[in-house]
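# Observations on the model geometry
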Amino acid sequence: MTSYDVLIVGGGHAGAQAAIALRQQKFAGSIAIVSTEPELPYERPPLSKEYLSGDKPFERILLRPEAFWTERDVTMRLGETVVSVDAEAHEVATDRGETLRYGHLIWATGGAPRRLSCAGAELIGVHGVRTRADVDRMMAELPAVSRAVVIGGGYIGLEAAAVLAKLARCSPKRGHSRSSRASRWIGLRAGGAIGRLGALSSSVMPVWQRSARRRCWRECHRPARRASPASWPRDPAGRRRRC
């Protein structure tokens, strides 16, 4: 039975930083990181930005190169998942059928995006963004994509929509389940809560389109004069606004 002084479950930023901090504080005991993913710890924010756009290869978003972990004697158990924990015995079982003993356990598995629970959520072309594998699957399908819907008004959703527009692969439409401040920043509005995947259509997503934005710009910023608020175009909710 393999034993470690510190066993870290989770190969994300938190787990990797825990191992780094222990070595920085001169901890000399054995350390192991167990990660479900087959890759070394990497930064997740670039997944929906530079990595998706192709501006950065995967090697550039690694938190540390492989040599770093070897030099600091941090054991990487990649592609392995902890399936149970026996806190009294200080043991964990993995999906490989192994039992690992530990002196201290750090649980740093992180969170996961909330998946759609409606019918059709498992269809091809419906993706979540959390791991490199998620983004690789998206990138593989992009050449055949003409339109996309991004559900989620947070940074990841906004960044993914911006990258898709930059790649000129599709004309992105973004839906979110509730009003968000971020959505107002970029002028995108959706038609309310989405109850079924089948509702994801152009009729439910009357967002500001590129052609409409160009028309709004011409109306509001003509060289000869500046339009008064009364002449500003209306958004899908009927409110007047400048573009």
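Provided above is the structure to which this section pertains.
Presented here is a report on the structure given in the accompanying data block. (Residues numbered from 1 in each chain as written. Predicted model: local features only at pLDDT ≥ 70, side-chain atom pairs only at ≥ 80, totals over all residues. Heavy atoms only, no water.)

### Considering the overall build of the chain
Counted only if it meets this: Runs of E in the DSSP output that reach at least two residues are strands. Runs of H or I that reach at least four are helices, and both are numbered from the N terminus. Per-residue accessibility, obtained with a 1.4 Å probe over protein chains only, is compared with the maximum for each type, and a residue is labelled buried under 20%, exposed over 50%, and partly exposed between these values. In this analysis, two residues are considered to be in contact whenever any of their non-hydrogen atoms come within 4.5 Å of each other.
Per the secondary structure count, the chain includes 7 helices and 8 strands. Counting across all 243 residues of the chain, residues that qualify as buried make up 34%. Taking the intrachain contacts of the chain between residues at least 6 apart in sequence as the baseline, contacts between residues at least 24 apart amount to 54%.

### Quick word on the pattern of salt bridges
What counts is decided by this rule: The term salt bridge refers to a pairing of a side-chain nitrogen on Lys or Arg with a carboxyl oxygen on Asp or Glu at a separation within 4 Å.
Counted by the stated rule, this structure contains 10 salt bridges. One salt bridge in this structure joins Glu80 and Arg77, with 2.9 Å as the shortest N-O distance. In this structure Glu80 comes out as buried when scored by relative accessible area, which is 0%. Of the residues examined, Arg77 reaches a relative accessible area of 11% and is grouped as buried. Among the salt bridges present, the one from Arg77 reaches Glu98, with a minimum N-O distance of 3.0 Å. Here the residue Arg77 occupies a position in strand S3 (residues 74–78), and Glu98 occupies one in the loop between strand S5 (91–94) and strand S6 (99–107), the gap between them amounting to 21 residues. Three or more residues are tied together by salt bridges with common partners; here these are Arg77, Glu80, Arg96 and Glu98.

### Comments concerning unusual backbone geometry
The phi angle at Lys26 is positive, at roughly 70°, despite the residue not being glycine. Counting through the fold element by element, Lys26 comes out in the loop between helix H1 (13–24) and strand S2 (31–35). We classify Lys26 as exposed; its relative accessible area is 72%. A positive phi angle, near 55°, is found at Asp73, a position not held by glycine. Assignment of secondary structure puts Asp73 in the loop between helix H3 (66–71) and S3. Take Asp73: its relative accessible area is 54%, and that puts it in the exposed class.

### A word on the packing of aromatic side chains
Formally: In this analysis, rings of Phe, Tyr and Trp, with Trp reduced to its six-membered ring, are considered paired at centre separations within 6.5 Å, and the interplanar angle assigns stacked below 30 degrees, edge-to-face beyond 60, and tilted for intermediate values. The rule for a charge over a ring is simple: NZ of Lys or CZ of Arg within 6 Å of the ring centre, and within 35 degrees of the ring normal.
Overall, the coordinates contain 3 aromatic pairs when judged by the stated rule. Consider the rings of Tyr42 and Phe58, whose centres lie 5.1 Å apart with planes at 65°: the pair is edge-to-face. Placement of the pair is Tyr42 in the loop between S2 and helix H2 (50–53) and Phe58 in the loop between H2 and H3, with a sequence separation of 16 residues. Taken individually, Tyr42 and Phe58 each receive the classification buried, so the pair is uniform in this respect. With a centroid separation of 5.1 Å and 85° between ring planes, the pair formed by Phe68 and Trp69 is classed as edge-to-face. This pair shows no difference in class: Phe68 is buried, exactly as Trp69 is. An aromatic cluster is defined as three or more aromatic residues linked by ring pairs; in this entry it consists of Tyr42, Tyr51 and Phe58. The positively charged end of Arg64 is found above the aromatic ring belonging to Phe68, 5.1 Å away from the centroid.

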